[in-house]
Structure formats: C-alpha cells, structure tokens
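One letter stands for each residue in the lines below.
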Amino acid sequence: MERKEFQAESKRLLELMIHSIYTHKEIFLREILSNASDAIDKLCYRSLTDEQVGMKREDFAITIRPDQEARTLTVSDNGIGMNDTDLEQNLGVIASSGTFQFRQELDKDAESDVIGQFGVGFYSAFMVADHITVVTRKYGDEQGWRWESDGVEGYTIEPCRKDTVGTDIIMHLKADEEPEEYSQYLQEHTLQRLVKKYSDYIRFPIRMEMTRSKRKEGCPEDKPEYEEIKEWETLNSMVPLWQRKKSEVTREEYDKFYQEHFGDFAPPQSVITVSAEGAVTYKALLFIPSQPSGQYYTEDFEPGLQLYSSGVMIMDKCADLLPECFNFVRGVVDSPDLSLNISRELLQHDRQLKVISNNLEKKIRSELERMLKDDREGYEKFYRSFGRQLKLSALNNYGAMKEKLQDLLLFYSSTQKKLVTLGEYVSRMPEEQKYIYYASGDSVEAVDHLPQTELLKDRSMEILYFTDKTDEFIPDIFRTYGDKAFRSAVDGDLELGDEKQPETADHQETLDFLKETLGSRVDQVKASSKLKSHPVCLTSGEGMTFEMEKYFAAVQPDLALKAKRILEVNVEHPAFAALESARITDPDRAKKYAEILLNQAMLIAGLPLENPSDYTDLLCSLWK
Ligand SMILES: Nc1ncnc2c1ncn2[C@@H]1O[C@H](COP(=O)(O)OP(=O)(O)OP(=O)(O)O)[C@@H](O)[C@H]1O
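Counting from 1, residues in each chain are numbered in the order their sequence is written. Reporting of local features is limited, given that this is a predicted model, to residues whose pLDDT is at least 70; pairs of side-chain atoms are given and counted only at 80 or more, and all residues count toward the totals for whole chains, interfaces and linings. The side-chain numbers reported here are obtained from all heavy atoms of the structure, hydrogens and water having been left aside.

- As recorded in an unreviewed UniProt entry, the protein chain goes by the name Chaperone protein HtpG, listed as coming from Vescimonas coprocola.
- UniProt positions are given in the numbering used here, feature names are shortened, and annotations may be inferred rather than shown by experiment. As recorded by UniProt, the Function (unreviewed entry) comment attached to the protein chain reads in full: "Molecular chaperone. Has ATPase activity."
- According to UniProt, the comment filed for the protein chain under the heading Sequence similarities (unreviewed entry) is "Belongs to the heat shock protein 90 family."

Here you go:
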C-alpha cells in the first residue's frame with residue numbers, strides 16, 4: 001500500500017503537535033467532538049430535505065469508547081462520513097477551513113497561543129496519540145475507507161468494510177511518560193469531565209458507557225451487595241449557550257464559546273443576546289469582535305451569521321441576517337419558526353429573515369451606542385478596528401444610512417486632542433459659530449501643521465481632522481449634521497463674520513507676477529485672509545479637494561482628476577516682501593522665489609512635487 005506524504009505545511013503543524021509541550025493537550029477531545037458534531041450537522045440538515053437519509057434528529061449521536069487493553073480511545077459519529085477523496089483533501093492537508101493560518105516563525109510562546117486559542121482541528125489528536133486510524137463511510141456510498149497515520153511519516157488510505165454511514169476516529173494513545181499521563185484519556189471520569197468542560201453545548205448527545213455501582217437485585221435490605229454495571233449515559237447537557245438565560249451564563253463562558261466557535265485569538269469586545277417572541281420567535285447570540293480577522297478587509301471575507309432552526313444548523317454564513325454596516329458581527333440565530341425545507345435560494349428571500357435582520361440591526365446599533373456612552377475606551381478600540389466600515393456604510397448609496405450611523409462616527413478634535421462625535425462637537429459650538437469646521441490630511445500631525453488652520457486655532461475654535469481618505473466625502477454626502485453644515489477650515493471662506501480682508505491693492509502687481517510666472521500650474525493667486533505666521537498655502541476652492549484628488553489617484557489613476565490649485569500668500573510675511581523687492585531689482589531671482597513658494601505650498605498640502613530634484617537644486621542655487 002502506498003504511503004503518502006503530508007503537505008509541507010501540514011507536516012510542520014504535525015511536528016508541532018507531536019512534540020508539543022502544551023499543557024492543555026486535553027483540547028484534542030473538544031476538536032474531535034466538534035468535527036463529529038459538524039459531520040452530523042451536515043447529514044442532519046440533509047435528512048430534512050432528503051427522505052432517502054431515513055434518519056430523524058434524535059437518531060444522531062456521538063459515542064466515546066475507551067479501551068484500556070488496546071490503549072485506544074474511539075470517537076464515533078453517524079454523520080456525513082468521508083470517501084477516499086475527502087480523506088485525502090481533509091486529512092492530508094491543514095484544515096482547509098482557513099481558521100488556522102500557519103505562521104512562519106513559530107516560537108515556543110507562540111506555540112501555546114496557537115494551540116490553545118485556535119481550533120487546530122484534527123491534528124491536535126497527535127498531541128496524545130502516536131497512531132490514528134480513521135474508518136469512515138460517506139452517506140450515499142457503499143464503500144468504506146480506512147486512513148491511518150503515525151504522524152509525520154505520512155498516511156495511507158485503503159478501502160475497508162464499514163456497515164454504517166459515519167466515522168470512527170481511533171486514537172492509540174502515547175505511552176505514559178513523566179509528567180505526561182496519557183492513560184488518563186482512557187478513564188471514564190476524565191472523559192466525562194472533559195466533555196462537560198469543553199463540549200457541553202454540542203447539540204447532539206455524546207454518549208459513553210459509564211461504570212456504575214448498583215445494588216444487587218434481591219439482596220437483603222440490611223446487607224446490601226453492590227455490583228458494577230455498565231450503562232450508556234449522555235454526558236453533555238446539549239443545551240446550546242444561546243438557549244440559556246443570559247443571567248445563568250458567565251462572561252467567561254461566552255468568551256470561550258466565541259473563541260472556540262469562531263476561531264478568534266481574542267475574546268470579543270461585546271456580547272449581545274436577543275430573545276424575541278412575536279412576529280418571529282428566535283434567539284440570537286451575537287459578538288462584536290475586538291479585532292478584525294485576517295480576512296476582514298480582503299475580498300475573501302464572507303460575512304454572515306450561523307442560522308439554526310430548532311438546534312439544526314441550516315446555514316453557516318447567512319449574510320441576509322446582517323446589515324452590511326455591521327458585517328463584522330459574528331454569531332448565531334436560532335428560530336423554530338423557519339421552515340426547514342426551504343432551499344438556500346428561497347431562504348434569501350424569506351420574510352422572516354428580514355424581520356430578524358431589522359431587529360438585529362437595532363440591537364447591534366444600540367449596543368454600540370451603549371459602548372460609546374458607558375465604555376468609551378472599549379468603543380474607541382472597536383472603532384479603530386471597524387470604524388471604517390461604519391463610515392463607508394454611512395456614505396454608501398448617497399448617505400441612505402446617514403441618520404442611523406452618523407452618531408457612531410468619531411473624528412479627531414483639534415481642541416480636545418482626542419476622538420469626538422459630531423454631536424459632541426456641535427454641543428460645544430459657540431452660539432455665533434455657523435459651521436462644523438474640518439481639515440483634511442494624511443495624519444493628525446499633518447493636519448496639525450496646516451498653515452490655513454492657524455486663524456481658527458488662534459480663536460480656539462474646534463476643528464475636526466479628516467485623516468481617513470473616505471472622510472473627505474462626508475461634507476458632500478452628509479451636507480449637514482442636524483442643522484449645521486460642514487465647512488472646510490482650509491479651503492474657501494471661513495465666514496467667521498469678522499475676518500480681516502488683506503489689503504491687496506498695493507500688492508496686486510506682485511500677485512500678478514506670481515500667476516504669470518507659475519502659469520497654468522496654478523488656477524489663481526490671491527492674498528490670504530487665513531495665514532498668520534506662514535508665508536504660503538495651497539487651497540482648492542469649491543468642488544474637488546486635494547484629499548479627493550489623492551484618493552482618486554490611488555484608486556482610479558487613469559481619470560487623472562485634479563483639484564483646483566489656488567495659491568494663497570501671506571502679504572504681510574517677510575518672504576513676500578523679499579519677493580516684491582526682488583521683482584523690481586532682480587526679476588530672475590524673483591521667479592525662483594515664486595517657484596519655491598509653489599513647491600512649499602504643494603509640500604504642505606501633501607501633494608507630490610513635479611520634480612523634487614529640480615526643487616532642491618533651485619533652493620541650493622540661492623545660497624550663492
Ligand atoms: N468525523 C468527521 N466526519 C466527517 N468529516 C470529518 C470528520 N472529522 C474531520 N472531518 C473533515 O476533515 C476536515 C478537517 O478537519 P479539521 O478538524 O482539521 O479542520 P476543520 O474542522 O475544518 O477546521 P477547524 O477545526 O480548524 O475549525 C473537516 O473540515 C471535515 O471536512
């Protein structure tokens with residue numbers, strides 16, 4: 001029989017498992033039981049729509065059989081089973097589900113992290129077993145298959161006889177070796193304890209023959225005699241967490257469930273439970289993760305909640321249950337009202353799902369509002385991970401969701417030096433302030449140094465910093481927050497009501513000289529009313545802004561969209577005075593000054609210079 005090699009990555013994980021020093025090796029049982037439960041889920045779901053299966057929900061079960069003599073522990077299920085190709089694909093390579101992302105540099109500390117926090121799946125059995133046999137038969141097939149492996153050396157697959165559909169995982173335990181006592185996994189009470197600890201919520205019975213001491217029948221009352229008998233018992237309570245009352249479940253239990261069920265390293269930021277009766281009866285257990293998964297911001301990310309009907313999983317990722325703006329939420333929804341026979345396509349149009357989804361949207365929103373109010377630190381942590389999704393959703397479809405989401409958005413404030421909401425900004429606005437002022441740039445530091453913000457800062461007026469590329473679209477799409485309009489602190493008129501307009505008459509010739517020298521590279525040159533200590537800045541006026549220009553340059557460079565370039569100069573600055581006198585005495589030098597002013601303004605606006613080396617040469621030429 002041909003021995004096949006594991007794929008390279010699987011081999012590394014296997015080596016890690018076999019030589020693991022991990023103290024919680026016991027989690028292997030949880031992994032094997034959860035695979036068994038998944039396999040039953042699949043066949044159970046099928047039995048609802050396919051009469052051929054011939055099984056009812058109560059016929060499904062998992063059994064555990066310890067065998068002291070053979071030193072084996074067998075976990076059997078009557079789930080969907082596997083054929084030879086499935087075995088090859090599922091057990092020959094690392095969990096294809098992608099929950100385990102193998103790290104290149106795995107040190108000892110990271111090891112316990114990986115094994116402890118993650119569902120590392122089937123291979124974890126190699127932490128306790130030196131030989132594993134999988135005997136399995138797929139639903140619909142007559143042929144059974146046997147997969148065997150000692151670990152890294154590879155594995156074999158051969159046909160075998162198996163009378164029933166399902167899978168037996170036979171683990172031959174390693175020899176005891178101080179301090180590891182692998183024999184404990186053959187003891188009834190250890191197995192019972194582990195099932196209770198890790199797999200209590202599994203919705204199918206996990207059965208094991210337990211040895212019980214019973215009074216012998218017929219023995220006299222005063223001289224009782226006992227005998228040991230074996231009885232099949234169900235070890236788990238089978239009540240899923242979401243069916244239990246919130247008051248009876250600890251936060252640790254919720255965290256553990258979330259981490260194991262959804263394969264996240266970190267406990268969730270927030271837990272939401274819903275128990276609804278009325279138009280549709282259902283229970284939901286939702287989690288707001290504390291960090292985005294590796295896939296979250298990629299195309300591979302698949303949003304959705306797990307959908308159960310009376311404890312039977314009917315869909316793993318039901319996207320229709322979650323509004324797009326909250327697509328980061330993980331969790332389960334269980335409703336006895338959903339008809340099980342509906343096909344997946346029909347399911348998508350189910351009216352009941354719509355009712356649930358609308359309700360969940362409200363629940364999630366109010367949980368986020370609660371966090372914002374009562375747990376600002378937690379909310380800001382959440383916002384760093386998922387704020388972008390809220391913002392994009394608020395802007396989508398011309399702001400269709402604006403009213404629902406605008407109060408969840410945060411922006412950095414120039415005066416508060418921290419993230420604030422639009423509501424907080426407006427509540428601080430002095431009566432005479434008409435607008436919500438904002439300034440855009442690549443980072444808080446960059447915006448902080450924008451010369452145009454000087455005037456507002458001088459008056460201690462609050463400015464919101466738009467540092468995310470998408471922020472730039474907020475003024476256009478939102479238009480207002482309440483009755484307050486947005487106004488750029490850097491472009492156009494601030495309309496403060498009492499700004500001093502610069503005297504331009506005396507300087508007009510120099511301003512014209514600047515425009516002439518710089519030609520089409522600037523649309524306008526004007527004396528600035530905003531600049532105080534800085535000599536120059538670039539503004540874009542109405543319409544497209546520099547941040548939008550940068551955004552489009554990144555996502556659709558072919559469009560070559562450009563914002564207007566208005567060069568604003570501080571006519572009271574010594575640099576301008578120098579330019580004025582050079583214009584008369586040494587026009588060539590004055591032209592160089594003009595170039596420098598434009599390049600400086602471009603740099604401050606965060607725009608790329610047309611030719612950086614020409615610019616530096618130009619600067620150096622003035623040292624003479
Ligand atoms: N008892 C079983 N019956 C049927 N298929 C099984 C069984 N055990 C494992 N498998 C198959 O083998 C695959 C790999 O299992 P493994 O435990 O390594 O990863 P996983 O369950 O997909 O992911 P993870 O455990 O990381 O969430 C499973 O996805 C499943 O297809």
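1. Description of the sheet that holds strand β19 (residues 484-488)
Thinking step 1. Pairing between two strands is assigned when DSSP locates at least 2 bridges connecting them. Counting from the N terminus, the helices are DSSP H or I runs at least four residues long and the strands are E runs at least two residues long. The strand order β15-β14-β17-β16-β19-β18 describes an open sheet built from six strands, whose pairing is mixed. The open sheet is flanked by β15 (419-420) and β18 (480-481), the only strands paired with a single partner.
Thinking step 2. Taken together, the three bridges between strand β16 (residues 435-440) and strand β17 (residues 464-466) define a ladder with parallel strand orientation. Bridging across to β17, Y438 finds its partner in L464.

2. Focus: a negative patch on the surface
Thinking step 1. Note that patches include only residues with greater than 30% relative accessible area and no salt bridge, and the join distances are 9 Å for like charges and 5 Å for nonpolar side chains (Val, Leu, Ile, Met, Phe, Trp, Tyr). The Shrake-Rupley method, run with a 1.4 Å probe sphere, supplies the accessible areas, and residue values consider only the shown protein chains as cover. Criterion for a salt bridge: a side-chain nitrogen of Lys or Arg within 4 Å of a carboxyl oxygen of Asp or Glu. Note on charges: Lys and Arg go in the positive column, Asp and Glu in the negative column, and His and the chain ends are not counted at all. To locate a charge, take atom NZ for lysine, CZ for arginine, CG for aspartate or CD for glutamate. Taken together, the side chains of D38, E299, D300, E302 and D316 make up a negatively charged region of the molecular surface.
Thinking step 2. As for its placement among the helices and strands, D300 is situated in the loop between β10 (282-288) and β11 (305-309).
Thinking step 3. Assessed through its relative accessible area of 56%, D300 is described here as exposed. Note on exposure labels: buried denotes an accessible area under 20% of the residue type's maximum, exposed denotes more than 50%, and partly exposed covers the range between, all computed with a 1.4 Å probe on protein chains only.

3. Some points on the side chain of D86
Thinking step 1. Along the chain, D86 turns up in helix α3 (residues 84-91).
Thinking step 2. Here D86 falls in the buried class, since its relative accessible area comes to 14%.
Thinking step 3. In what follows, a contact means two residues having at least one pair of non-hydrogen atoms within 4.5 Å. Once residues within four sequence positions are removed from consideration, D86 is found in contact with G81, L91 and K138.

4. Topic: the nonpolar core
The nonpolar side chains of a soluble globular protein tend to be buried, and buried together.
Thinking step 1. The set of buried Ala, Val, Leu, Ile, Met, Phe, Trp, Tyr and Cys residues whose side-chain atoms join them within 4.5 Å is what this entry labels a nonpolar core. Formed by 73 residues in total, the largest nonpolar core has its most connected members in Y379 and F382.
Thinking step 2. Shared between two domains, this core holds at least three residues of each, these being domain 2 (241-377) and domain 3 (410-488).
Thinking step 3. What Y379 contacts, discounting residues up to four positions off in sequence, is L368, M371, L372, L390, L408 and L410.
Thinking step 4. Judged by nonpolar contacts, the second largest core, of 71 residues, contains F28, V53, Y123 and Y182. All domain edges in this entry derive from an automatic or database-based domain assignment.

5. Let's talk about the state of the cysteines
Thinking step 1. Any pair of cysteine sulfurs within 2.5 Å is marked as a disulfide. Inspection of the entire model under this criterion finds zero disulfides.
Thinking step 2. Not engaged in a disulfide, the cysteine C325 finds its nearest cysteine sulfur in C318; these two sulfurs lie 16 Å apart.

6. Here's the deal with helix α15 (residues 508-518)
Thinking step 1. Among all positions in α15, only T510, L511, F513, L514, T517 and L518 are buried. Looking straight down α15, one finds that the buried residues subtend no more than 155 degrees of arc, so they occupy a single side. Those residues of α15 that are exposed and aimed more than 90 degrees away from the buried face are E509 and E516.
Thinking step 2. Residues of α15 that are buried in the fold lie against β20 (524-527), β22 (566-569), α17 (574-585) and α18 (587-604).
Thinking step 3. Phi turns positive one or two residues past the end of α15, at G519, with a value near 55 degrees. For this quantity, the arc is that covered by the directions from the helix axis to the C-beta atoms.

7. Side note on the pattern of salt bridges
Thinking step 1. Scanning the entire structure with this criterion turns up 40 salt bridges.
Thinking step 2. For E225, the salt bridge is made with K216, and the minimal N-O distance between the two is 3.6 Å.
Thinking step 3. E225 sits in the partly exposed class, given a relative accessible area of 40%.
Thinking step 4. Of the charged contacts in the structure, one is a salt bridge between K532 and D458, with a shortest N-O distance of 2.9 Å. Of this pair, K532 sits in the loop between β20 and β21 (536-539) while D458 sits in helix α13 (residues 454-458); the two residues are 74 residues apart in sequence, bridging distant segments of the chain.
Thinking step 5. For K532, a relative accessible area of 48% gives the class partly exposed.
Thinking step 6. Shared partners join several salt bridges into a network, and the residues in it are E361, R365, E369 and K404.

8. Concerning the sheet that holds strand β12 (residues 312-318)
Thinking step 1. Read from one edge of the open sheet, five strands run β9-β10-β13-β11-β12, paired in mixed fashion. Looking at the sheet topology across the chains shown, the edges are occupied by β9 (270-276) and β12. Between one strand axis and the next, the sheet turns through 15 degrees on average, direction left out of account.
Thinking step 2. Pairing between β10 and strand β13 (residues 330-334): five bridges, direction antiparallel. Paired with F287 across the two strands is R330, which belongs to β13. Think of each axis as a best-fit line through the C-alpha atoms, taken over the contacting stretch in the case of a helix, with angles from 0 to 180 degrees between the N-to-C directions.

9. Brief notes about the packing of aromatic side chains
Thinking step 1. Note on ring pairs: Phe, Tyr and Trp rings are taken, using the six-membered ring of Trp, and paired if centres are within 6.5 Å. Classes follow the plane angle, with under 30 degrees stacked, over 60 edge-to-face and the rest tilted. Under the criterion given, the structure shown has 27 aromatic pairs.
Thinking step 2. Judged by centre distance (4.8 Å) and plane angle (75 degrees), the ring pair of Y296 and F301 falls under edge-to-face. No difference in accessibility class separates Y296 from F301, as the two residues are buried.
Thinking step 3. In this structure an aromatic cluster arises from ring pairing among Y296, Y297, F301, F326, F328, Y379, F382, Y383 and F386.
Thinking step 4. The criterion is that NZ of a Lys, or CZ of an Arg, lies within 6 Å of the ring centre and within 35 degrees of the ring normal, and then a charge sits over that ring. Between the NZ or CZ atom of R487 and the centre of the ring of Y435, over which it lies, the distance is 4.3 Å.

10. Quick look at unusual backbone geometry
Thinking step 1. Residue P179 is bonded to the preceding E178 through a cis peptide linkage, with omega at -5 degrees.
Thinking step 2. Structurally, P179 is set in the loop between β6 (166-173) and α5 (188-199).
Thinking step 3. At K417, a residue that is not glycine, the phi angle is positive and equals roughly 60 degrees.
Thinking step 4. Here K417 lies in the loop between β14 (411-413) and β15.

11. Re the packing of helix α2 (residues 27-49) against α5
Thinking step 1. Two elements in contact, α2 and α5, have axes whose closest approach is 9 Å; the angle formed by their N-to-C orientations is 65 degrees. Between α2 and α5, the crossing angle belongs to the class labelled roughly perpendicular. Two packed elements cross with a definite hand, and for α2 against α5 that hand is right-handed. Between α2 and α5, the contacting residues are I27, L29, R30 and L33 on the first element and L191, L194, V195, Y198 and S199 on the second.
Thinking step 2. Amino acids outside the nonpolar list (Ala, Val, Leu, Ile, Met, Phe, Trp, Tyr, Cys, Pro) and the charged list (Asp, Glu, Lys, Arg) are all regarded as polar, and Gly is one of them. Across the contact of α2 with α5, the residue classes break down as seven nonpolar, one polar and one charged. Here the angle decides the label: under 35 degrees means roughly parallel, over 145 means roughly antiparallel, 65 to 115 means roughly perpendicular, and every other value means oblique. Crossings are sorted by hand: turned counterclockwise from the far helix by less than a right angle, the near helix makes the crossing left-handed, and turned clockwise it makes it right-handed.

12. What to know about the domain arrangement of the protein chain
Thinking step 1. Here the protein chain is partitioned into domain 1 (8-234), domain 2 (241-377), domain 3 (410-488) and domain 4 (505-621).
Thinking step 2. Computed from C-alpha coordinates alone, the two centres of domain 3 and domain 4 are separated by 25 Å.
Thinking step 3. Roughly 1400 Å² is buried in total at the junction of domain 3 and domain 4, and carbon and sulfur atoms are behind 64% of that figure.
Thinking step 4. Three residues, P451, Q452 and E454, lead the burial of domain 3 against domain 4; their summed loss comes to 37% of the area buried on that side.
Thinking step 5. Where domain 3 meets domain 4, there are two salt bridges.
Thinking step 6. Across the pair D442 and K550 runs a salt bridge whose closest N-O atoms are separated by 3.8 Å.
Thinking step 7. Here a polar contact is recorded for every N or O atom pair within 3.5 Å, except that within protein the pair must consist of a potential hydrogen donor and a potential acceptor, and residues adjacent in sequence are included only if both atoms are side-chain atoms. Remark: the boundary between domain 3 and domain 4 carries five residue pairs in polar contact (both at pLDDT 80 or more).
Thinking step 8. The element that contributes the greatest number of residues to the side of domain 3 that touches domain 4 is α13, accounting for three residues.
Thinking step 9. Split into classes, the residues belonging to the side of domain 3 that touches domain 4 amount to four nonpolar, three polar and six charged. Once two parts are brought into contact, the accessible area they lose, counted with a 1.4 Å probe and summed over both, makes up the buried area.

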